[in-house]
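Here is what each chain is made of, one letter per residue.
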2 protein chains.
Amino acid sequence: MTSSIQARKPSSSSIAASCLQTRLLTIAEIRQIVEQIGLDALMDEMIARLTRAFEQFDPTETLVPVRTGFSYQQPHVGLVEWMPLFQKPDQIVVKAVGYHPQNPERYRLPTVLSTLSAYDPSSGHLSAVIDGTFLTALRTGAASAIASRLLARPDSRVLGLIGAGAQAITQLHALARCFDLSRVLIFDSDRTVSRSFAARAACLGLTVDIQIADTAEIVATADILCTATSVDVG
Amino acid sequence: MTSSIQARKPSSSSIAASCLQTRLLTIAEIRQIVEQIGLDALMDEMIARLTRAFEQFDPTETLVPVRTGFSYQQPHVGLVEWMPLFQKPDQIVVKAVGYHPQNPERYRLPTVLSTLSAYDPSSGHLSAVIDGTFLTALRTGAASAIASRLLARPDSRVLGLIGAGAQAITQLHALARCFDLSRVLIFDSDRTVSRSFAARAACLGLTVDIQIADTAEIVATADILCTATSVDVG
C-alpha cells in the first residue's frame with residue numbers, strides 16, 4: 001500500500017506537492033506478508049539475517065545511539081522510547097517502542113507496541129511507516145533463539161517460559177525453530193494469561209506439550225529458561 | 001484522512017487487528033486546511049499560540065529533551081534529527097527534521113523537510129503522522145516574529161532577509177503580520193533564489209517593495225534583520 005504523504009517543493013505557490021510518496025505497511029499488509037511467506041519461513045529468515053547482522057556489526061557503518069524516551073506514571077504507567085539507526089549510507093530508521101503494562105487489560109492490546117519510521121538519508125523524506133509491533137516481537141524472539149543456540153545444549157528438549165504474554169509466543173516460536181522441543185513449562189503472574197497461552201500458541205502448529213508450572217519447577221526442569229516479563233517500567 | 005495502521009491485540013491468532021486507527025495529514029490535507037483557514041489567520045493563530053506556549057512554558061509539564069540526530073557527508077551532506085516532546089499527560093510528539101542543503105538543486109525540494117509523529121501516552125499507539133515541512137516553516141517564522149515584536153522598534157518598516165529560500169517566505173509572512181513593512185531587502189548566495197523570491201512570496205498578497213541587495217546595504221538599511229541560512233550542517 002502506498003499513500004500520498006507528499007513533501008513540498010519550491011514553486012511559485014508556497015505549498016506545492018511533489019510526487020514523493022511514503023509507503024505504509026499497516027497490520028493488514030504485515031498479515032498479508034506473513035500469510036504469503038509463512039510464519040516459519042519468516043522466523044527462519046529473521047534468525048538468519050539477525051545472526052549475520054550480529055556477526056558483521058561494524059559500529060562505524062551501523063550507528064545505533066543509546067535509546068532515549070519518556071517514562072511516566074500518568075495517564076497510566078508507561079514508557080515510550082525511540083531507537084534510531086543509521087545503516088550507512090542509505091537507511092535511517094527510528095523505531096518507537098511503547099511499553100504499557102496495562103494495555104492488555106485496558107485496551108486488549110499488547111504491552112509492547114511499536115512503529116518503524118524510515119527516512120531517506122539523501123533528502124530527509126519520510127520513506128515508510130511500518131507497524132512494528134509484530135516485527136519487534138519476531139526480532140526479539142529471534143535474538144533469544146540466537147543466544148540460546150550459542151549458550152544452550154543442542155539437545156535441549158524442555159523450554160521454560162517465565163511470562164506468557166504476546167512476546168512469549170514468538171520466543172517459543174523462535175526457539176522451536178532451533179531446538180527439537182518436546183515440552184514447554186510456562187508461568188505468568190496473571191493466571192488467565194497462563195491459561196490462554198496454549199490457544200494463542202496454536203497458530204505455530206507445534207507438537208509440544210504445554211504445561212502451566214510454578215517458577216521453582218520450571219527452573220529445576222527446563223533445559224532452556226526464557227524470561228519475557230518485566231517488573232517495572234524501564 | 002484516516003488510515004488503517006492498526007495495532008495488534010492479543011487473541012487466539014498471533015496477528016489480529018483491533019480498530020485502532022492512525023490519522024494521516026499529508027500535504028494534501030495541510031493544503032486544504034490552509035485554504036479553508038487562510039494563510040494570514042493560520043499565521044496569526046500560530047503566533048498567538050506560540051506566544052502563550054513560551055509565556056506558560058513549565059519544564060515539569062512540558063518535557064523537551066535535547067534533540068539528537070545523524071549528521072553525515074554521504075550520500076549527500078545532510079542531517080536528520082529527532083525532537084521529542086511530552087506535553088503531560090496526553091501528548092507525545094516526535095518531530096523529525098531533515099536538513100539537506102542540496103535538496104533544492106537535486107530534488108526541487110526544500111532544504112528542510114519534516115515529519116511529525118504523535119503517540120498516545122496511554123498505550124504507545126501511533127495516533128497521527130503529519131507532514132511537518134510547512135508547519136515547521138510556519139512555526140519558525142512565528143518564532144522570529146515574536147522575538148522581533150519584543151526586540152525591534154514597533155515602527156520598523158524595512159526588513160532585511162539574509163537567505164531567501166523556502167524559510168524566508170514564512171519569515172516575511174510572520175513579520176508582515178506584526179509590523180507595517182514597506183520594503184524588503186533580500187540577499188541569497190544563489191542568485192536564482194534571490195530572483196525567484198518575489199514570485200514565491202506573491203502568495204502572501206503583500207504590498208511591500210522587494211529588492212535584491214548586498215549584505216552591507218541590508219545591514220546598513222534594515223530596521224529588522226532576519227537570517228534564514230546556514231553555513232554548515234548542524
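Residues numbered from 1 in each chain as written. Chains lettered and ligands numbered in written order. Predicted model: local features only at pLDDT ≥ 70, side-chain atom pairs only at ≥ 80, totals over all residues. Heavy atoms only, no water.

Residue and element names in this part refer to chain A. Considering every residue of chain A, the mean pLDDT works out to 90; 90% of them sit at 70 or more. Mean pLDDT in chain A bottoms out at strand β1 (residues 2-3), which sits at 37, and peaks at strand β10 (residues 183-187), which reaches 98. In this model, residues 1-18 is a region of pLDDT below 50 whose contacts with residues beyond four sequence positions or in other chains number 72 contacts. (pLDDT = per-residue confidence, 0-100. Helix = DSSP H or I, 4+ residues; strand = E, 2+ residues; numbered from the N terminus. Contact = heavy atoms within 4.5 Å.)

Residue and element names in this part refer to chain A. The parallel open sheet is built from 4 strands, whose spatial order is β11-β10-β9-β12. The open sheet terminates on both sides in strands that have one partner only, identified here as β11 (209-212) and β12 (224-227). Across the sheet, the mean angle from the axis of one strand to that of its neighbour is 20 degrees, orientation sign disregarded. Two elements, strand β9 (residues 158-162) and β10, share 5 bridges in a ladder whose sense is parallel. Following the sheet pairing, leucine 161 is matched in β10 by isoleucine 186. Relative to the sheet, helix α6 (residues 191-201) contacts β9, β10 and β11, its axis offset from that of β11 by approximately 165 degrees. (Pairing = 2+ DSSP bridges. Axes fitted to C-alpha atoms, helices over the stretch in contact; angles between N-to-C directions.)

With that out of the way, let us pick up the domain arrangement of chain A. All names here are of chain A. Taken domain by domain, chain A consists of domain 1 (2-135) and domain 2 (153-227). If you average the C-alpha positions of domain 1 and of domain 2, the two centres end up 28 Å apart. Taken together, the 6 residues of domain 1 in the interface contact 8 residues of domain 2. Around 620 Å² of area is buried between domain 1 and domain 2 when both sides are counted, 67% of it from carbon and sulfur atoms. The largest contributions to the domain 1 side of the interface with domain 2 come from Leu39, Asp40 and Met43, which together make up 62% of the buried area. Put simply, domain 1 and domain 2 have 2 salt bridges between them. Note that arginine 177 is salt-bridged to aspartate 40, the shortest N-O span being 3.2 Å. Viewed at the interface, domain 2 and domain 1 are joined by 3 residue pairs in polar contact (both at pLDDT 80 or more). (Domains from an automatic or database assignment. Buried area = accessible area lost by both parts, 1.4 Å probe. Salt bridge = Lys/Arg side-chain N within 4 Å of Asp/Glu carboxyl O. Polar contact = N/O pair within 3.5 Å; in protein donor to acceptor, adjacent residues only side chain to side chain.)

Helical geometry note: an α-helix holds 3.6 residues per turn, so side chains three or four residues apart project in the same direction. For helix α5 (residues 166-178) of chain A, the full list of buried residues reads A:Ala168, A:Ile169, A:Thr170, A:Gln171, A:Leu172, A:His173, A:Ala174 and A:Leu175. Buried residues along α5(A) sit against α2 (39-56), α4 (133-151), β9, β10, α6 and β12 of chain A. (Buried < 20%, exposed > 50% of the residue type's maximum accessible area, 1.4 Å probe, protein only.)

Right, let's talk about the packing of α4(A) against α5(A) for a bit. Two numbers describe a pair of packed helices, the interaxial angle and the distance between the axes. All names here are of chain A. Here α4 crosses α5 at 40 degrees, and the two axes come no closer than 8 Å. In terms of orientation, α4 and α5 fall into the oblique class. For the pair α4 and α5, the sense of crossing is right-handed. For the pair formed by α4 and α5, the contact residues are Thr136, Ala137, Leu138, Thr140, Gly141, Ala142, Ser144, Ala145, Ser148 and Arg149 on the first element and Gln167, Thr170, Gln171, Ala174, Leu175 and Cys178 on the second. (Parallel < 35°, antiparallel > 145°, perpendicular 65-115°, else oblique. Left-handed = near helix turned anticlockwise from the far one by under 90°.)

With that out of the way, let us pick up the packing of aromatic side chains. Under the defined criterion, the tally for this structure stands at 6 aromatic pairs over all chains. Residues A:Tyr72 and B:Phe86 carry aromatic rings whose centres are separated by 4.9 Å and whose planes lie at 50 degrees to one another, so their mutual orientation is tilted. Pair noted here: A:Tyr72 is in strand β4 (residues 68-72) and B:Phe86 is in strand β5 (residues 78-87), and the two residues belong to different chains. Summarising the burial analysis for this pair, A:Tyr72 and B:Phe86 share the class buried. Three or more aromatic residues joined by ring pairs form one cluster here, namely A:Phe70, A:Tyr72, A:Trp82 and B:Phe86. (Phe/Tyr/Trp six-rings, centres within 6.5 Å; stacked < 30°, edge-to-face > 60°.)

Right, let's talk about the environment of B:Leu25 for a bit. Following the sequence through the fold, B:Leu25 ends up in strand β2 (residues 22-25). Note: C-alpha distance between B:Leu25 and B:Ala164 (139 residues apart in sequence) is 27 Å.

All names here are of chain B. Across the sheet, which stays open at both edges, the 4 strands sit in the order β11-β10-β9-β12 with parallel pairing between neighbours. A strand with exactly one partner marks an edge of an open sheet, and here the two such strands are β11 (209-212) and β12 (224-227). Geometrically, the sheet is characterised by an average inter-axis angle of 20 degrees between neighbouring strands, direction not taken into account. Where helix α5 (residues 166-178) meets the sheet, it contacts β9 (158-162), β10 (183-187) and β12, and its direction lies at approximately 160 degrees from that of β9.

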